[in-house]
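Examining the three-dimensional arrangement
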Amino acid sequence: MNIVERVDLRNFRCHDEFLLDCPQATTLIVGENGSGKTSVLEAIYLALRGKSFKGVDREILRRGAEFYRAEISLADSKKVIIRYDGSKKSFEIDGKKSLRLPKRERYPVVLFEPDDLYLVGSSPSRRRDYFDELFQQISDLYGAALAKYKKALKQRNDLLKEETVSADDLFSWNVMCAHYGAEVLHRRVENLAKINELLTENYRSIAKNEDTCALHYLGEEVDENTYMQILERNFERDVYLGHSSFGPHRDDYEFVFNDKKADGSASRGEIRSMILALKFIEARILEKEVGKRPVVLLDDIFSELDESRQRHLVDNFKDYQMIITSTAAPDMMAVNKEL
Ligand SMILES: Nc1ncnc2c1ncn2[C@@H]1O[C@H](COP(=O)(O)OP(=O)(O)OP(=O)(O)O)[C@@H](O)[C@H]1O
Ligand SMILES: [Mg+2]
C-alpha cells in the first residue's frame, strides 16, 4: 500500500503550481536539470519528517512569492498541509494545526542522493550528520539525547572561551555533557552493531563474492561516570584549546572492507555496493524499529549506478513505495510523470 498518494505544491522552490499523483508503488519523475525534481522529494520529506533535507523555508519559498503551501495526501485519507508565509510555518494534519510536525505523525524515509555514494571518503562531520539523521529516525530518544547534548556542549564551549573560567564553573555543564553524551555514544554503538549484523550479508548479495565489510565507530564508548572523569581531567587542555576535546561531536565512522579501511583500499564499485547495502539495511532496520515501512526516495541515483546495481536497487525495494527522480527514463520502468 502506498503511503504518499498525492503531492500538491504552490510556490515551492521553482514550482508555482505542481501536482503529482502516485497511484503506483513506483513513481518516476523525469525532467531536465533544474526542472524541480529534487524539490518535489524535498516537499515529501518535509511532510513525512517535519523538516527539509536541504534548506530552510526562506530558501524554499519561490522567489517573489508571498507564501508557499505543500499539501501531501497520505494513506488512510490523511492529509498534511505545510504553510509558510515568509515568517511563520505551520503544519496542519487532518485539520489540526501545529508549529512542528508531531512525532507520532512522522514517517520513516530512506533518502538516497548521489552525494551518499561519497560518504566513505567524505568528511567526519558529514558522516556524523548522516548517521545522526538515521539514528534519529530509528529512535526519537536518540534525537532528544543528541539535542540536549549539543545544547550542553555549546554552553560548555562558550564558557571555555572565557578567560577566567574555573573548573567549578564547568561542573554543571560537565554533568549534562556526561549524561547525554554517554547516552548518545551508547545508542550510536548499539545502532552500528545492528547495521554490522547485516552489512556483509547484504553486500555479498549485491557483489556476489566472499568479501566482507563493516562499520567501525571511531570513538570511545564510556559510561557517564568515566565520561565525567575525562571531562574533569581535560579541563586545562580544553581551556587551552577553547573547546571540548572529548565527546561524540569529535567521533567518526569508518567503513572497513576486507578488514582494511575502505577509503583507499576498496574500489569505486565496491564502495558503491557497500553504500547500496547500507541503504537496504536502513530500510529494514527502520521498518523493524519504527514499525512502519519507510518510503524510499531515490534522487537521481540511477545515472550513478551500472545496470546490475540498478536492478538490485529496484528488486530490493520492490515491497516499498519508491519515488524516483531521473533526467532520463530508465528502461525498466514506465514513466508516470514528466515535468
Ligand atoms: N526559492 C526558489 N525560487 C525559485 N526557484 C528556485 C528556488 N529555489 C531553487 N530554485 C530553482 O529551482 C530549480 C529546481 O531545483 P531542483 O533542485 O528541484 O531541480 P532538479 O530537477 O532536481 O535539478 P537537477 O536535475 O539538476 O538535480 C533550480 O533551477 C533552482 O535554481
Ligand atoms: Mg535534483
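Criteria and thresholds
- Residues numbered from 1 in each chain as written.
- Chains lettered and ligands numbered in written order.
- Predicted model: local features only at pLDDT ≥ 70, side-chain atom pairs only at ≥ 80, totals over all residues.
- Helix = DSSP H or I, 4+ residues; strand = E, 2+ residues; numbered from the N terminus.
- Rg over C-alpha atoms; globule rule 2.2 N^0.38 Å.
- Buried ≥ 20, exposed ≤ 12 C-beta atoms within 10 Å, placed from the backbone.
- Contact = placed C-beta atoms within 7 Å.
- Pairing = 2+ DSSP bridges.
- Axes fitted to C-alpha atoms, helices over the stretch in contact; angles between N-to-C directions.
- Near = placed C-beta within 6 Å.
- Nonpolar A, V, L, I, M, F, W, Y, C, P; charged D, E, K, R; others polar.
- Core = buried A, V, L, I, M, F, W, Y, C linked by C-beta atoms within 7 Å.
- Domains from an automatic or database assignment.
- pLDDT = per-residue confidence, 0-100.
- Parallel < 35°, antiparallel > 145°, perpendicular 65-115°, else oblique.
- Left-handed = near helix turned anticlockwise from the far one by under 90°.
- Expected span 1.5 Å × (residues − 1).
- Arc of directions from axis to C-beta.

1. Focus: the overall build of the protein chain
Looking only at helices and strands, one finds 10 helices and 14 strands in the protein chain. For 339 residues, the compact-globule formula gives about 20 Å, and the C-alpha radius of gyration of the protein chain, at 22 Å, lands near that figure. If one aligns the C-alpha atoms of the protein chain with their principal axes, the spans along those axes are about 65 × 55 × 35 Å. Taken over 339 residues, the protein chain has a buried fraction of 36%. Excluding contacts between residues fewer than 6 apart, the proportion of contacts in the protein chain whose partners are at least 24 apart in sequence is 71%.

2. Concerning the sheet that holds strand β7 (residues 96-98)
Taken in spatial order, the six strands make up an open sheet running β2-β1-β4-β5-β6-β7, and their pairing is antiparallel. Strands with a single pairing partner mark the edges of an open sheet, and in this sheet they are β2 (15-21) and β7. Taking the axes of each pair of neighbouring strands and ignoring which way they run, one obtains an average angle of 10° across the sheet. Two elements, strand β4 (residues 68-74) and strand β5 (residues 78-84), share seven bridges in a ladder whose sense is antiparallel. The residue of β5 that forms the bridge with Glu-71 is Ile-81. Packing of helix α1 (residues 37-49) onto the sheet brings it into contact with β1 (4-12), β2, β4 and β5, and relative to β1 it is tilted by some 110°.

3. Some points on the site of ligand 1
Close contacts around ligand 1 come from 16 residues, with Cys-14, Gly-34, Lys-37, Thr-38 and Ser-39 the closest. With three residues, α1 is the largest single contributor of residues to the shell around ligand 1. Here the shell around ligand 1 is composed, by residue class, of two nonpolar, eight polar and six charged.

4. Quick look at the nonpolar core
Residues Ala-43, Ile-44, Met-274 and Leu-297 are the most contacted members of the largest nonpolar core, which totals 86 residues. Considering each element in turn, this core owes the most residues, 12 residues, to helix α5 (residues 167-207).

5. Re the pairing of strand β6 (residues 89-93)
For β5 and β6, the ladder comprises five bridges, and the chain directions are antiparallel. Bridge assignment links Val-80 to a residue of β6, and that residue is Ile-93. Linking β5 back to β6 in an antiparallel pair, the connection comprises four residues, with Gly-86 at a positive phi of about 100°. Looking at chain direction, β6 and β7 are connected through three bridges and run antiparallel.

6. Remarks on unusual backbone geometry
Of note, the phi angle at Asp-76 is positive, near 60°, even though the residue is not glycine. In this fold, Asp-76 is placed in the loop between β4 and β5. Given 8 C-beta atoms within a 10 Å radius, Asp-76 is considered exposed. Residues other than glycine seldom take positive phi values, yet Asp-94 does so here, at roughly 45°. For Asp-94, the position within the fold is in the loop between β6 and β7. Accessibility expressed as a C-beta count within 10 Å gives 12 for Asp-94, which makes it exposed.

7. Quick word on the domain arrangement of the protein chain
For the protein chain, the assigned domains read domain 1 (4-107 + 293-338) and domain 2 (115-272). For domain 1 versus domain 2, the separation of C-alpha centres amounts to 30 Å. Counted by class, the side of domain 1 that touches domain 2 contains one nonpolar, one polar and three charged residues.

8. Notes on the confidence of the model for the protein chain
Considering every residue of the protein chain, the mean pLDDT works out to 95; 97% of them sit at 70 or more. Across residues 332-338 the pLDDT falls below 50, and counting only partners more than four positions away or on other chains, this stretch makes 15 contacts in the model.

9. Thoughts on the packing of α5 against helix α9 (residues 268-290)
Look at α5 against α9: their axes get within 8 Å of each other, and the N-to-C directions meet at 130°. By the criterion of interaxial angle, the relationship of α5 to α9 is oblique. At the point where α5 passes α9, the crossing takes the right-handed sense. Along its contact with α5, which presents Lys-194, Ile-195, Leu-198, Leu-199, Asn-202, Tyr-203, Ile-206 and Ala-207, the element α9 presents Ser-273, Met-274, Leu-276, Ala-277, Phe-280, Ile-281, Arg-284 and Ile-285. Classifying every residue of the contact of α5 with α9 by side-chain character gives 12 nonpolar, two polar and two charged.

10. As for the packing of helix α3 (residues 124-138) against helix α4 (residues 140-160)
In a packed pair of helices, the relevant descriptors are the angle between the two axes and the axis-to-axis distance. Running from amino to carboxyl end, α3 crosses α4 at an angle of 130°, the nearest separation of the two axes being 5 Å. With respect to their mutual orientation, α3 and α4 come out oblique. Facing Asp-132, Phe-135, Gln-136 and Ile-138 of α3, the residues of α4 in contact are Tyr-142, Gly-143 and Leu-146. Counted by class, the contact of α3 with α4 contains four nonpolar, two polar and one charged residues.

11. Topic: the sheet that holds strand β11 (residues 260-261)
Read from one edge to the other, the open sheet built from three strands follows the order β9-β10-β11, with strand pairing classed as antiparallel. Whereas interior strands pair on both sides, the edge strands pair on one side only; in this sheet they are β9 (213-218) and β11.

12. Regarding α4
Taking 1.5 Å as the rise per residue, α4 with 21 residues should run 30 Å; its terminal C-alpha atoms sit 30 Å apart, in good agreement. By the burial criterion, the buried members of α4 are Tyr-142, Ala-145, Leu-146, Tyr-149, Ala-152, Leu-153, Arg-156 and Leu-160. With its buried residues spanning 140° around the axis, α4 presents them on a single face. Next to the buried residues of α4 lie α3, α5 and α7 (235-241).

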